[in-house]
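Residues per chain, in single letters:
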Amino acid sequence: MYFFGALGGILFGYDLGVISGVLPFIGKLWALTSWDKGVITASLSVGAIVGALLSSRTNEALGRRRTIMVAAGIVIVGTLAASFSPTFLLLVLSRLVIGLGIGLSSSTVPTYLSELAPARLRGAMGALNQIFIVLGILIAFLVSYWLGPISAWRWMFAGAIVPAVILLAGLVFLPETPRWLVKNGQEAEARRVLASAHGNTVNLDEEIATIHEVIRLDTEEKPRIRDLFSGFVRPMIVVALLLAVGQQFSGVNAINAYFPTMLIGLGFATQAALLSGVLLGVTKFLFTAWVVFVVDRWGRKPLLLIGNVIMVITLVAAGLVVLNVHDTGTRGILMLVMMVLYLVGYELGWGAVVWVMMSEVFPLKYRATGMGVSSVVLWASTGIVSAVFPLISDSKSLGIGGSMFVFAGINVVLFVLTKWLVPETKGRSLEQIELDLRARQGVAAKS
């Protein structure tokens, strides 16, 4: 159940990562400028913004499961179009379509997993989504390295069809979440899903009664986006938006999308640069997998803070390497080491934890809307970083070294804001988080 639910993360990861292998080839083929590279990379994020905007309505109308199925179908169509695109413009449009599906999926899968998982495992199940995201990135890096010698960039794009088809097929047999089922009058099915997903660890009558109580509270008025920024919900939207913006402004997708291009710019051969990307992908996967075993013991907030510290140190070191080491081989190897360590910090905290917490902090009434808004902001941040990084890292601007310092400064700010604003959510049911939040804000439910 959780395996196929999280498989949507592979779509997310593969389409984020594959562009790093494609850019060196289409850059030469179509003589792309720095601006062109930013546009074609950011086009996925623009489409994802639209998908995230639509996700709230589709989640409520179709349910979490069918929304992910629709997303998989859209990705298949967009991937086929990208694989056969004859021009730069058509490739950008195809990436927009893929992004639409990714936006729907990325804002729905964390909600789907969090509503299926028991409280004691919810962090691990949410981290499972991140494992699949980084696995998708790793697969994209491996495919790019394998197909690099024959410049088969169209087949690099086509690889996304495989996880999309598997996801679509698997979801046919998966259940809807208990909370959506109860909300839509299907209590018997909700009980069956709870029994299947939680085993003997849950009192079904008590769990159903709690869900009913929260639904009763949340149906007193129809949720609106503006309600997210008022009353007891406002602190949670602030936290969610901080997490969404911070995950991307920490610099990770500049590394995911452009690291091979960066190394080529520093003097590496294309295949050596693509192989370095594979090493980054392996690092991301191993440390994300490790987080699954500690996120529900260590807690979310400590992992975020530890990640920030590691990222600041490695980004500063990377900037110093670029500016002060002039031997091409030594500089490339040191940059690779620094970026591997940077990704260790990212995957320990902001990689795995953000999607878990964004799906935890919102009340049921606002969960779909809140995840939609948060995903829009996250994808907008991704698009900004993807579009701007080629420009600021150009030798005529800040350069790669200066760009590393900028990201290091942002991570210092994120550390301070996280320490100040972000709560701990481990080990508490979604209903407990909501009811406690209501009580703290003085708007506890009437019994």
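Quick notes on the rules
- Residues numbered from 1 in each chain as written.
- Predicted model: local features only at pLDDT ≥ 70, side-chain atom pairs only at ≥ 80, totals over all residues.
- Heavy atoms only, no water.
- pLDDT = per-residue confidence, 0-100.
- Helix = DSSP H or I, 4+ residues; strand = E, 2+ residues; numbered from the N terminus.
- Contact = heavy atoms within 4.5 Å.
- Phe/Tyr/Trp six-rings, centres within 6.5 Å; stacked < 30°, edge-to-face > 60°.
- Buried < 20%, exposed > 50% of the residue type's maximum accessible area, 1.4 Å probe, protein only.
- Salt bridge = Lys/Arg side-chain N within 4 Å of Asp/Glu carboxyl O.
- Expected span 1.5 Å × (residues − 1).
- Bend = angle between axes of the 7 residues up to and from the residue.
- Axes fitted to C-alpha atoms, helices over the stretch in contact; angles between N-to-C directions.
- Parallel < 35°, antiparallel > 145°, perpendicular 65-115°, else oblique.
- Left-handed = near helix turned anticlockwise from the far one by under 90°.
- Nonpolar A, V, L, I, M, F, W, Y, C, P; charged D, E, K, R; others polar.
- Core = buried A, V, L, I, M, F, W, Y, C linked by side-chain atoms within 4.5 Å.
- Domains from an automatic or database assignment.

What about the confidence of the model for the protein?
Looking at the protein, the pLDDT average stands at 83 and 88% of residues meet or exceed 70. Within the protein, the element-level pLDDT minimum falls on helix H21 (residues 430-440), averaging 64, and the maximum on helix H7 (residues 153-158), averaging 94. Here residues 443-447 is a poorly scored stretch, pLDDT under 50, and it has 10 contacts once near neighbours within four places are set aside; other chains count.

So, the packing of aromatic side chains
Any two aromatic rings considered together are summarised by their centre-to-centre distance and by the angle between their planes. By the definition in use, this model includes 5 aromatic pairs. Ring geometry for Phe389 against Phe407: centres 6.1 Å apart, planes inclined by 25°, an arrangement best described as stacked. In this pair, Phe389 is assigned in helix H19 (residues 364-392) and Phe407 in helix H20 (residues 399-421), connecting sequence segments 18 residues apart. Using a relative accessible area of 6% as the deciding quantity, one classes Phe407 as buried.

Some words on the pattern of salt bridges
Taken as a whole and judged by the stated rule, the model has 5 salt bridges. Measuring nitrogen to oxygen at the nearest pair gives 3.2 Å for the salt bridge that ties Lys183 to Glu60. Here Lys183, found in helix H9 (residues 178-183), pairs with Glu60, found in helix H3 (residues 34-62); they are 123 residues apart in sequence, far enough to count as distant. Residue Glu347 is joined to Lys284 by a salt bridge in which the shortest nitrogen-to-oxygen separation is 2.5 Å. Of this pair, Glu347 sits in helix H17 (residues 328-351) while Lys284 sits in helix H14 (residues 270-292); the two residues are 63 residues apart in sequence, bridging distant segments of the chain. Side by side, Glu347 and Lys284 carry an identical accessibility label, which is buried. Via salt bridges that share partners, Glu60, Arg64 and Lys183 belong to a single interconnected network.

Concerning the environment of Pro363
Structurally, the position occupied by Pro363 is in the loop between helix H18 (353-360) and H19. Given the relative accessible area of 0%, Pro363 is considered buried. Expressed as a C-alpha distance, the spacing of Pro363 and Val214, which sit 149 residues apart in the sequence, is 8.3 Å.

So, helix H13 (residues 252-265)
With 14 residues, H13 should reach 20 Å at 1.5 Å per residue; the first-to-last C-alpha distance of 19 Å fits that figure. Approximately 70° is the largest bend angle found in H13, and it occurs at Tyr258, with the proline Pro260 only one to four residues beyond. The complete set of buried residues in H13 reads Val252, Asn253, Ala254, Ile255, Asn256, Ala257, Tyr258, Phe259, Pro260, Met262 and Leu263.

Quick word on the packing of H3 against helix H4 (residues 64-83)
Viewed as axis vectors pointing N to C, H3 and H4 meet at an angle of 125°, and their least axial separation amounts to 7 Å. Classed by the angle they form, the pair H3 and H4 counts as oblique. When you trace H3 past H4, the crossing you get is right-handed. Contact residues: Thr58, Asn59, Glu60 and Leu62 in H3; Arg64, Arg66, Thr67 and Val70 in H4.

Concerning the packing of H14 against H17
Angle between the axes and distance between the axes are the two parameters that describe a pair of packed helices. H17 packs onto H14 with a crossing angle of 25° between their chain directions and a minimal axis gap of 9 Å. Considering the angle they form, H14 stands roughly parallel to H17. Considering only the axes of H14 and H17, their crossing is right-handed. Within the contact between the two elements, H14 uses Ser276, Leu279, Leu280, Thr283, Lys284, Phe287, Thr288, Trp290 and Val291 and H17 uses Leu336, Met339, Val340, Leu343, Val344, Tyr346, Glu347 and Leu348. Taken together, the residues of the contact of H14 with H17 break down into 12 nonpolar, 3 polar and 2 charged.

Regarding the side chain of Ser144
Here Ser144 is to be found in helix H6 (residues 122-147). Judged by relative accessible area, which is 2%, Ser144 ranks as buried. In this view, Ser144 contacts Val18, Gly21, Met156 and Leu274; residues no more than four positions away in its chain are not counted.

Overview of the nonpolar core
Soluble globular proteins tend to bury their nonpolar side chains together. Core analysis: the largest hydrophobic core is formed by 127 residues, its most contacted members being Leu243, Met339, Met358 and Met404. The element best represented in this core is helix H2 (residues 8-29), accounting for 11 residues. Structurally, this core is a two-domain feature, drawing no fewer than three residues from each of domain 1 (1-174) and domain 2 (223-446). Not counting residues up to four positions away in its chain, the partners in contact with Leu243 are Leu304, Trp350, Val354, Met357, Met358 and Val422.

As for the environment of Gly246
Among the structural elements, Gly246 can be located in helix H12 (residues 234-249). With relative accessibility at 0%, the residue Gly246 sits in the buried group. Measuring from C-alpha to C-alpha, the distance between Gly246 and Asn411 comes to 7.9 Å, with 165 residues separating the pair along the chain. Dropping the residues within four chain positions of it, Gly246 is found in contact with Trp350 and Leu414.

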